[in-house]
Amino acid sequence: MSNDTPLKRTPIFEEHVALGGKMVPFAGYELPVQYPSGITAEHAAVRGSVGLFDVSHMGEFEVKGPEALELIQHISVNDASSLDVLQAQYSAMCREDGGIIDDLVVYRFADSFMLVVNGACRAKDWAWLERHASDFDVEIRDRSDEFGMIAVQGPAAAALLAPHTETDLGAIGYYRCAHGLVAGVVGVISRTGYTGEDGFELYVPSGEAAGLWRTLLEGDGASAAGLGARDSLRLEMGFALYGNDLDEEHTPLEGRLGWLTKLDKGDFVGRDALLAQKEAGVERRLVGLRLTERGFPRPGYPIVGHEGTIGSVTSGTVSPTLGFGIAMGYVAAEFAAAGTELAVVIRDKTIPAVVERPPFYTEGSLQR
Amino acid sequence: MADFLEGLLYSEEHEYLKVTDDPAVYMVGITDYAQGELGDIVYLELPSAGDSFGKNDVFGTIEAVKAVSDLFSPFTGEVVEVNAALQDDPSVVNSDPYGAGWMVKLRVSDESELEGLMDAAAYQEHVGE
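Residues numbered from 1 in each chain as written. Chains lettered and ligands numbered in written order. Predicted model: local features only at pLDDT ≥ 70, side-chain atom pairs only at ≥ 80, totals over all residues. Heavy atoms only, no water.

1. Structural notes on the interface of chain A and chain B
What counts, and what does not: Contacts between residues were defined by any pair of non-hydrogen atoms, one from each residue, lying within 4.5 Å. In this description, buried area is defined as the sum, over both parts, of the accessible area (probe of 1.4 Å) that is lost when the two are combined. A carboxyl oxygen of Asp or Glu within 4 Å of a side-chain nitrogen of Lys or Arg is what we treat as a salt bridge. In the analysis that follows, any N or O atom pair within 3.5 Å is treated as a polar contact, provided that within protein one partner can donate a hydrogen and the other can accept it, and provided that, for residues neighboring in sequence, both atoms belong to side chains. Secondary structure elements are defined from DSSP: runs of H or I of at least 4 residues count as helices, runs of E of at least 2 residues count as strands, and each element is numbered from the N terminus. Put simply, Ala, Val, Leu, Ile, Met, Phe, Trp, Tyr, Cys and Pro go in the nonpolar bin, Asp, Glu, Lys and Arg in the charged bin, and everything else, Gly too, in the polar bin.
Every contact between the two is made by 17 residues of chain A and, on the other side, 17 residues of chain B. Together, the buried faces of chain A and chain B total about 1400 Å²; carbon and sulfur atoms form 42% of this surface. Per-residue buried area on chain A facing chain B is highest for R294, R298 and R347 of chain A; these three make up 43% of the total on that side. For E37 of chain B, the salt bridge is made with K22 of chain A, and the minimal N-O distance between the two is 3.4 Å. Summed over the shared surface of chain A and chain B, the number is 15 residue pairs in polar contact (both at pLDDT 80 or more). For the side of chain A that touches chain B, the elements supplying multiple residues, two or more each, are β3 (29-34) and α2 (39-48) of chain A. The leading source of residues in the side of chain A that touches chain B is α2 of chain A, at 3 residues. Tallied by class, residues from the side of chain A that touches chain B come to 7 nonpolar, 5 polar and 5 charged.

Given below as structure tokens:
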């Protein structure tokens, strides 16, 4: 994005400023990378209690009409026909050549679907949806600006929300949702997240988001958490971030998303290319790496094998919970097996690393 | 807002120098402003006692959650002591940059190199706070 593109503000912006959040540009928005407590403390708060994230930058597209399911089946690699009403599904959209346009979550409601996309991809995703929608009897609407979105994540997430809602939170299973009121605000209460902890994502009218944020933050053990903690939490789980670990140059089969790519569900955009790739053999794969000596892997650092550079880090950090360096990156398939000994070049040092199948952190409160 | 301690010297590279009992030896660390900009510090690479550096040479590295940053020697000199406690707990640099978060003690070889350093007010202006 060029510097003269004005940054947008989420409906919770003023709250972040009041809390002393360090605001940075992200996905076209000004969002807090951290609060004064710091990334490490915010990360620990989510693992140990409950953190609140403003994720209002995410895009929400509504799809309804007689052929809504058919359109989604056409553009999504996962099989939305298996969704119950009030169920959600992680998926991806691909180009004809299999390159990933975005990863997304598909929600099925009684009379519509909602696609939740990455904020940074909203414009291109909308254009892609519009282009394909013209072939189907559907109505689509970009409702992103109508919603604020708060992620409530951590082992104490349900306890934090329970006093504020009559919805039976225990009855909402993982990747399921309910319509309900939280602190008097009507919205969708979704048992989803990006941290490896139990938690909820709340989709509420944008005008109500700041008030809800304030109310929830007053609860016992609740901390505000920023983009920095969100990144280290998702990395400990090996959850990919679009723009780092996933992009149009890589397919879902390469990017550890083969499990959600339903090649046998019928035709969809990118299926032929993905089938051909599967038959020919996937030549490069996204892997998890655990550093076995001290080092802080960062995006762009080379991954090396015995015969030189074989890839580069797409995401990395020093795991705040585990205390060692963790990373993801693409390598040739021959180096992708768990246990393969590789190394990451960190500035002038070659730090040994071993391929490990994420999640790196396995003690989270998330119940699948 | 960051703390700009009076009585210290400051470099453009966000290091402070604090006088010690030995007039030729300075305690060196990074400023409160710098630690705030870097955020949580995860690792420090520091030199060993006896190492020598020229003015503006890289004498160490700070790995913070958000970014990696070099440490630049504020003058030509020799390391006389390293704060070994930081290896176990580098977060002290965040919590107490001017106290327990000091990094090295450097013996200055050429006093004239101190002339370009700033006082607290000039450094505060330098960082625009």
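2. Comments concerning a negative patch on the surface
Residue and element names in this part refer to chain A. To keep it simple, the criterion reads: Patch definition: residues with relative accessible area over 30% and no salt bridge; like charges joined within 9 Å; nonpolar side chains (Val, Leu, Ile, Met, Phe, Trp, Tyr) joined within 5 Å. Every accessible area reported is derived by Shrake-Rupley at a probe size of 1.4 Å, with residue values counting cover from the shown protein chains alone. Positive residues here are Lys and Arg, negative ones are Asp and Glu, while His and the chain termini are left out of the count. Lys charges are placed at NZ, Arg charges at CZ, Asp charges at CG and Glu charges at CD. Throughout, exposure labels follow a simple rule: accessible area from a 1.4 Å probe, protein chains only, divided by the maximum for the residue type, with under 20% read as buried, over 50% as exposed, and the rest as partly exposed.
On the surface, E67, E70, D137 and E139 cluster together into a patch of negative charge. For E139, the location among the structural elements is in strand β9 (residues 139-142). Since its relative accessible area comes to 56%, E139 is described here as exposed.

3. Description of the environment of D70 of chain B
Examined against the element boundaries, D70 of chain B turns out to sit in strand β7 (residues 68-72). With relative accessibility at 26%, the residue D70 of chain B sits in the partly exposed group. For the pair D70 of chain B and L44 of chain B, spaced 26 residues apart in sequence, the C-alpha to C-alpha distance is 9.9 Å. When near neighbours in sequence (up to four residues on either side) are disregarded, D70 of chain B contacts R347 of chain A together with V58, G60 and T61 of chain B.

4. Re unusual backbone geometry
All names here are of chain A. A cis amide bond links P358 to the next residue, P359, at an omega of 5 degrees. Inspection of the secondary structure assignment puts P359 in the segment after β20 (349-356). Positive phi, close to 70 degrees, is recorded for L86, a residue that is not glycine. Of note, L86 is situated in the loop between α3 (68-75) and β6 (87-94). Residue L86 is classed as partly exposed on the basis of its relative accessible area, which comes to 26%. Of note in the backbone geometry, A183 takes a positive phi value of approximately 50 degrees without being a glycine. Along the chain, A183 turns up in the loop between β11 (177-182) and β12 (185-190).

5. Observations concerning empty space enclosed by the protein
Residue and element names in this part refer to chain A. Heads up, the rule is: Lining residues are those with an atom within 4 Å of a point, where the points come from a 1 Å grid over the protein atoms alone and group into cavities, where a 1.4 Å probe fits but cannot get out, or pockets, open sets with protein on both sides within 12 Å along at least five of seven lines. Grid points are joined across faces, edges and corners, and a volume is the space filled by probe spheres set on the points.
By the definition in use, this model includes 3 cavities of 30 Å³ or more. Taken as a whole, the largest cavity holds about 60 Å³ of empty space. Taken together, L31, P32, F53, D54, V55, H57, A225, G226, L227 and R230 make up the lining of the largest cavity. Volume-wise, the second largest cavity comes out at about 50 Å³. A class-by-class count of the residues in the lining of the second largest cavity yields 4 nonpolar, 5 polar and 3 charged.

6. Describing helix α6 (residues 206-217) of chain A
Helical periodicity: at 3.6 residues per turn, an α-helix aligns residues three or four positions apart in one direction. All names here are of chain A. Note the threshold: One less than the residue count of a helix, multiplied by 1.5 Å, gives the span that helix is expected to have. Throughout, the arc means that of the directions going from the helix axis to the C-beta atoms.
If you check α6, its first and last C-alpha atoms are 17 Å apart, about what 12 residues at 1.5 Å a residue would give, namely 16 Å. Taken together, the buried positions of α6 are occupied by A209, A210, L212, W213, L216 and L217. Projected onto a plane normal to the axis of α6, the buried residues spread over an arc of 170 degrees and lie on a single side.

7. Comments concerning the pattern of salt bridges
Taken as a whole, this structure holds 26 salt bridges over all chains when the rule is applied. Its salt-bridge partner being E63 of chain B, residue R298 of chain A comes within 2.6 Å of it at the nearest N-O pair. Residue R298 of chain A is located in the loop between β15 (284-291) and β16 (302-305), and its partner E63 of chain B is located in strand β6 (residues 58-64); the two belong to separate chains. There is no split in this pair, since R298 of chain A and E63 of chain B are both buried. The network of salt bridges with shared partners includes E62, R141, R143 and E146 of chain A.

8. Describing the packing of aromatic side chains
Heads up, the condition is: Ring pairs are drawn from Phe, Tyr and Trp, using the six-membered ring of Trp, whenever the two centres fall within 6.5 Å, and their geometry is named by plane angle: stacked under 30 degrees, edge-to-face over 60, tilted for the rest. Only Lys NZ and Arg CZ are tested; either one counts as a charge over a ring when it is within 6 Å of the ring centre and within 35 degrees of the ring normal.
Going through the model one piece at a time under the given rule, you end up with 11 aromatic pairs over all chains. Between Y107 of chain A and F109 of chain A, the aromatic rings sit 6.1 Å apart at their centres with planes inclined by 15 degrees, giving stacked as the arrangement. A ring pair is formed by Y107 of chain A and Y203 of chain A, whose centres lie 5.5 Å apart and whose planes are at 80 degrees; its orientation type is edge-to-face. With Y107 of chain A in strand β7 (residues 100-108) and Y203 of chain A in strand β13 (residues 199-205), this residue pair connects regions lying 96 residues apart in the sequence. The exposure classification of Y107 of chain A matches that of Y203 of chain A, with both residues buried. Grouping aromatic residues by their ring pairs yields a cluster made of Y107, F109 and Y203 of chain A. Across the ring face of F296 of chain A, the terminal group of R298 of chain A is positioned such that the distance to the ring centre comes to 3.8 Å. The ring of W102 of chain B has K105 of chain B sitting right over it, with the charged end atom 5.1 Å from the ring centre.

9. What to know about the layout of surface pockets
Empty space among the atoms becomes apparent when a probe as large as a water molecule is rolled across them. Size it by volume and the second largest pocket reaches roughly 420 Å³. In terms of lining residues, the second largest pocket is bounded by 20 residues, among which K22 and Q34 of chain A together with Q35, G36 and E37 of chain B are the most central. If you list the elements that add at least two residues to the lining of the second largest pocket, you get α2 of chain A together with α1 (32-38) of chain B. Of the residues forming the lining of the second largest pocket, the biggest block, 5 residues, is contributed by α1 of chain B. Per-class residue counts for the lining of the second largest pocket are 6 nonpolar, 9 polar and 5 charged.

10. Remarks on the state of the cysteines
Here is the rule we go by: Two cysteine sulfur atoms form a disulfide, by the criterion used here, when they sit within 2.5 Å.
Within this structure, the stated rule accounts for 0 disulfides over all chains. Cysteine C94 of chain A is unpaired, with the sulfur of C121 of chain A as its nearest cysteine sulfur at 13 Å.

11. What about the side chain of H132 of chain A?
All names here are of chain A. Position of H132 among the secondary structure elements: in helix α4 (residues 122-133). Judged by relative accessible area, which is 7%, H132 ranks as buried. Once residues within four sequence positions are removed from consideration, H132 is found in contact with L71, H74, I75 and V269.

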